[in-house]
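# Overview (structure and organization)
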Amino acid sequence: MQLEIRLFAGLKCNNPQLPSFGKDAFDLDVPTGTTVGELRKLLAINPDIRLLNMVNHHHEADDWVLQDNDRIGIFPPIGGG
Amino acid sequence: MDKILRIDMGAANGPKMTVEPVGEYAGLGGRALTSIVVAKEVPPLCHPLGAENKLVFAPGMLSGTAGAMTGRLSVGCKSPLTGTIKESNAGGQAAQVMARLGYAAMILEGNPAGDDLYKIYINKDGVKIEIDNSLKLLDNYPLVERLRQEYGDKVAYITIGSAGERKLLAASIACTDPQLRPTRHCGRGGVGAVMGVKCVKAIILDDAGMKMRPPVDPEKYRDANRKFVEGLRRHPVSGEALPAYGTNVLTNILNEAGGYPTYNFKQGQFSGSANLSGEAQAQLEVKRGGTATHGCHRGCVIQCSGIYNDKDGHYLTKQPEYETVWSHGGHCGIDDLDTVARLDFMDDNIGVDTIDMGVTIGVAMDAGIIPFGDREGAIRLMEEVGKGTPLGRILGCGAEITGKVFGVERVPVVKGQALPAYDPRAVQGIGVTYATSTQGADHTAGYAIATNILKVGGDVDPLKPEGQVELSRNLQIATAAIDSTGMCLFIAFAIMDQPETFQALLDMLNAFYGANMTADDVVELGKKVLSVERDFNKRAGFTAQHDRLPRYFYTEPVAPHNLTFNVKDEELDQVFNW
């Protein structure tokens, strides 16, 4: 299934085996049933960083199962005012 | 900080000053001091531009010490914009210097009879108040340049631009940063108009010969400060995201969350948001020889500010904040950072609240004065404000007045103050703060975004009404306390998530004052400040009916979530029941 992926605030795809290596905005084809947590591992994002995941404008946890054509925005801890 | 400086600007033979012991206000600072003074000494039914109003400047409890993050100055009065009590605070150097000069507060009272303009110079030897009509209608940047020729570079300047002199309701009070740029503003509530009606153009603070304020227990203070700084550096928000990107890092997440108010709160996402993002801004700043990491006051370790140069590498403005990039950007359908930066410079120079000014321009767009997305048009409208033309005066008095003059139904204000950069229908917790805060629509007063969107200090679903009242209440209490310490509010991320960092802050307060405050005492301080403010507002005529959002937030859903504001009135009325 196709996902629209956006990585923010310095996060990038760290998996050199993916065509999106080094990018922060890309589409990706993943197996059906992939969860948010599995996507993160696939993108090889530093596992020590606490992440915020927004799937189709909703916060979702790592065990959320992604669907075809989902848009995922992933953020490290950020703040402002 | 054992003394209070009072200046009666309306005294018969010219401004009369008295210096008195701090007395009953001892131990208070920042917002606690300004609100308690205003509540005690200003008749709540007075006209805010009248002689009965007072303008209270107060550094925080820990300002002027060697502690980190202590540079916030609070300014309090009855607000000419909202009619409520007002506390508006800013960074910059003024708080540090005023505190080291020994003043817990400076209180401007009365209004002069004529139209002479005054500057007030304060150093270790005393206070000089002089007429200087050559400063009339100078905007903040040229004003500070002029004053530097007389007072030099080792002072802090507090000034108003032409907007304050014209008594525009969006007028701000500017404080200079360590590089003497007038870029840190007490923005909200028209406090600049009160300084203007009292005919004070500039306050120059010179602490030459003064020392850092000494703690009762210097070793404990140093130790607590070290732990506090370590905690700030360790937290990813204060230690990484804010120094790297500044507050505008929020553009992408609010847009992704569907809570980024666009085209005057018509939708929750903006197609141009990527062009306005903090990431894009930081990259551009560095490329042009500016910086994305800069502290607005000495002692800041978070360094969330920056320097924005133009395409030729010349200084244009300080790094625009998220609120500015939103109000002049997505709110107006403008997706160009250079335009936003230009408007930010104009806000700082003319001396107006960047939130109210941007929201007003968006309301003017909704009225058809210029189209949404019109970059040059937005700049032209700001130029009108700077010139004080009739249109400029209307716009400079904020969104509510502009909306009334031009027949706009959807005007995003509470108690006359414009909503900041978060749609309450998609972030219900901030809607509770907007509606109920004593300050009018205000985001910092109880920053529910932290927990609704950023998942700091817990997790409350932004799209549901459950949990929002408790969240807003707790944050409003905590913020009222932090606003009294002189600490920058951005310590909140670390102290909410890391108990040891909150303890370090308590230890700093206790080591400095030789006290034994507990977390409960901090809560009590926050509650006391809010109670005093609520009481003032009640006596000024405010009722529960004023603690509501504009009607259309209840009736018009906003995409992409297609929700209205769902927290019930009866629940809003519980925020201050503790």
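These numbers come from a predicted model, not from an experiment.

Conventions and cut-offs
- Residues numbered from 1 in each chain as written.
- Chains lettered and ligands numbered in written order.
- Predicted model: local features only at pLDDT ≥ 70, side-chain atom pairs only at ≥ 80, totals over all residues.
- Helix = DSSP H or I, 4+ residues; strand = E, 2+ residues; numbered from the N terminus.
- Rg over C-alpha atoms; globule rule 2.2 N^0.38 Å.
- Buried ≥ 20, exposed ≤ 12 C-beta atoms within 10 Å, placed from the backbone.
- Contact = placed C-beta atoms within 7 Å.
- Domains from an automatic or database assignment.
- Nonpolar A, V, L, I, M, F, W, Y, C, P; charged D, E, K, R; others polar.
- Pairing = 2+ DSSP bridges.
- Expected span 1.5 Å × (residues − 1).
- pLDDT = per-residue confidence, 0-100.

Next up on the list: the overall build of chain B. The helix and strand inventory of chain B stands at 24 helices and 17 strands. Computed over its C-alpha atoms, the radius of gyration of chain B comes to 22 Å, within 12% of the 25 Å expected for a compact globule of 578 residues. Projecting the C-alpha coordinates of chain B onto the three principal axes gives extents of approximately 60 × 50 × 50 Å. Each of the 578 residues in chain B was classed as buried or not, and the buried ones make up 62%. By sequence separation, contacts in chain B at least 24 residues apart represent 71% of the contacts at least 6 residues apart.

Turning our attention to the domain arrangement of chain B. Residues and elements named next belong to chain B. We note that the domain assignment places domain 1 (3-205), domain 2 (216-245 + 424-578) and domain 3 (258-422) within chain B. For domain 1 and domain 2, the distance between their C-alpha centres works out to 25 Å. Taken together, the contact between domain 1 and domain 2 spans 36 residues of the former and 29 residues of the latter. No other element matches helix α1 (residues 30-41), which puts 7 residues into the side of domain 1 that touches domain 2. Split by residue class, the side of domain 1 that touches domain 2 holds 14 nonpolar, 17 polar and 5 charged.

Tallying the contact residues gives 28 residues for chain B and 14 residues for chain A. Of all the elements in the fold, those that place two or more residues in the side of chain B that touches chain A are α7 (236-245) and α8 (250-256) of chain B. No other element matches the 6 residues that α7 of chain B contributes to the side of chain B that touches chain A. For the side of chain B that touches chain A, a count of residues per class yields 19 nonpolar, 6 polar and 3 charged.

Here the focus is the sheet that holds strand β2 (residues 25-29) of chain A. All names here are of chain A. Across the sheet, 5 strands lie side by side as β2-β1-β5-β3-β4; this open sheet has mixed pairing. The sheet terminates laterally at β2 and β4 (58-59), the two strands that pair on one side only. Examined bridge by bridge, strand β1 (residues 2-7) and β2 share 5 bridges and lie antiparallel to one another. Across the sheet, the residue bridging to Glu 4 is Asp 27, located in β2.

With that settled, the discussion passes to helix α19 (residues 468-485) of chain B. Residue and element names in this part refer to chain B. Helix length check: α19, at 18 residues, gives a terminal C-alpha distance of 26 Å against a target of 26 Å (1.5 Å per residue), a fit within 8%. Counting buried residues in α19 gives 16 out of 18 residues, a clear majority hidden from the surface. Phi turns positive, to about 85 degrees, at Gly 486, one or two residues after α19.

The step from Ala 559 of chain B to Pro 560 of chain B runs through a cis peptide bond, and the omega angle for that step is 5 degrees. Relative to the assigned elements, Pro 560 of chain B resides in the loop between α23 (552-555) and α24 (569-572). Positioned with a positive phi, Asn 69 of chain A is a non-glycine residue whose angle comes to about 70 degrees. Position of Asn 69 of chain A relative to the elements: it lies in the loop between β4 and β5 (70-75). Note on Asn 69 of chain A: 11 C-beta atoms within 10 Å, which makes it exposed. Positive phi values are uncommon outside glycine, yet Asn 264 of chain B reaches one of about 55 degrees. Note on placement: Asn 264 of chain B falls in the loop between α8 and α9 (273-276).

When pLDDT is averaged across chain B, the result is 97; 100% of the residues are at 70 or more. Across the whole predicted complex the pTM is 0.98, and at the interface the ipTM reaches 0.96.

It is worth spelling out the pairing of strand β12 (residues 200-205) of chain B at this point. All names here are of chain B. Taken across its 6 residues, β12 has 6 buried, putting it largely inside the fold. Pairing of strand β9 (residues 156-159) with β12, which is carried by 4 bridges, proceeds in the antiparallel orientation. Counterpart to Ala 156 in the pairing with β12 is Leu 205.

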